[in-house]
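# Chain and residue survey
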Amino acid sequence: NTIDVVQSLDADGFTVGANIAVNENTSTIYWIAFAGAPSQDASGTYTMANGSYTGNGTTQSVSSIGFQPDLVIIKHVDQATDQYAVFRTSLMHGDRTHYFANAVANFTGGITSIDAGGFTLGSSATVNTSGDTYYWTAFGNAYNPETGTGAADFTVGAYTGNNADDRNILRLPFQPDLVTIKVDNGSSSVFRTSAMSGDLSSFFIANPEAANYIQTLNSNGFQVGNAAH
């Protein structure tokens, strides 16, 4: 991905920047445009379930929760060998699980898959130490930006960074009150709520609030800065 190419899709066309790939001086540029993307048709609210399980050290499934999750959060509770809280969303492919407050890359063997009625665990001690207790919370019916359907108050998404400042992530069917972002590398998760002022975001690790991460919460999405997270 790069910047200053197709800058925006407008009501009756589109806007291009100065990049020579789309706007070389005196060159003839040919374009094709397609319509027909699904309109936003969000309705209703998210589904939620929570519970606990005992680790078995190998693999196991948590099933029959009543829906297919879009977000699963797990926290270990053994006081002797505590573990970080972790999560996985329905848009994460392959065997990958992310930490909330541990600034390392995603890991395998955690929440290995999200299933029709629950989720499956691998053998990682973070989620499945034999004999230890783990608590989980699952959220479903997320608004799906690809189909334009789902809840009017909860969504999961993904975007590719381009290092552009003041970048707007759009097409949410509501104004968010909480946005959490985790990059697919060793940086920590960040979040912003509607109660935060200025250009500030918070971290799940013990860092002070900082600017240039999640800069604003907009009527149909949010704006990010060009911080590395």
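Sequence order as written defines the numbering, with residues in each chain counted from 1. Reporting in this predicted model follows two pLDDT cut-offs: at least 70 for local features of residues, and 80 or more for side-chain atom pairs to be given and counted; totals over whole chains, interfaces and linings ignore these cut-offs and use all residues. The side-chain values count all of the structure's non-hydrogen atoms but skip hydrogen atoms and water molecules.

Attention now goes to the nonpolar core. Core analysis: the largest hydrophobic core is formed by 18 residues, its most contacted members being Tyr 53, Val 62, Val 72, Ile 74, Phe 119, Leu 121 and Trp 136. Here a helix means four or more residues in a row that DSSP labels H or I, a strand means two or more in a row labelled E, and each is numbered from the N terminus. Residue assignment for this core shows that the elements contributing at least two residues are β3 (47–54), β5 (69–76), β8 (111–115), β9 (118–121) and β10 (133–140). No other element matches β10, which puts three residues into this core. Throughout, a contact is declared for two residues whenever any of their heavy atoms are within 4.5 Å. In contact with Val 62, not counting residues within four places along its chain, are Tyr 53, Gly 117, Gly 118, Phe 119, Leu 121 and Trp 136. Nine residue types can take part in a nonpolar core, namely buried Ala, Val, Leu, Ile, Met, Phe, Trp, Tyr and Cys, and a core is a set of them joined through side-chain atoms within 4.5 Å. Here's how the labels work: a residue is buried when its accessible area is under 20% of the maximum for its type, exposed when over 50%, partly exposed in between, all with a 1.4 Å probe on protein chains only. Formed by 10 residues, the second largest nonpolar core is a distinct cluster that contains Val 190, Phe 203, Ile 214 and Phe 222.

For a regular strand, the rule is simple: side chains alternate between the two faces of the sheet. One requirement defines pairing of two strands: DSSP has to find at least two bridges between them. Sheet topology note: the strand β1 (residues 6–10)/strand β2 (residues 13–16) ladder contains four bridges and is antiparallel. Each bridged residue has a counterpart across the sheet, and for Leu 9 the counterpart in β2 is Phe 14. Linking two consecutive strands that pair antiparallel, namely β1 and β2, is a turn of two residues.

Take the sheet that holds β5 next. With respect to topology, five strands assemble into an open sheet ordered β3-β10-β5-β6-β7, the strand pairing being antiparallel. Lying at the two open borders of the sheet, with one neighbouring strand each, are β3 and β7 (98–99). Of the pairings in the sheet, the one linking β5 to strand β6 (residues 86–89) comprises four bridges and is antiparallel in character. Its bridge partner being in β6, Val 72 is matched across the sheet by Arg 88.

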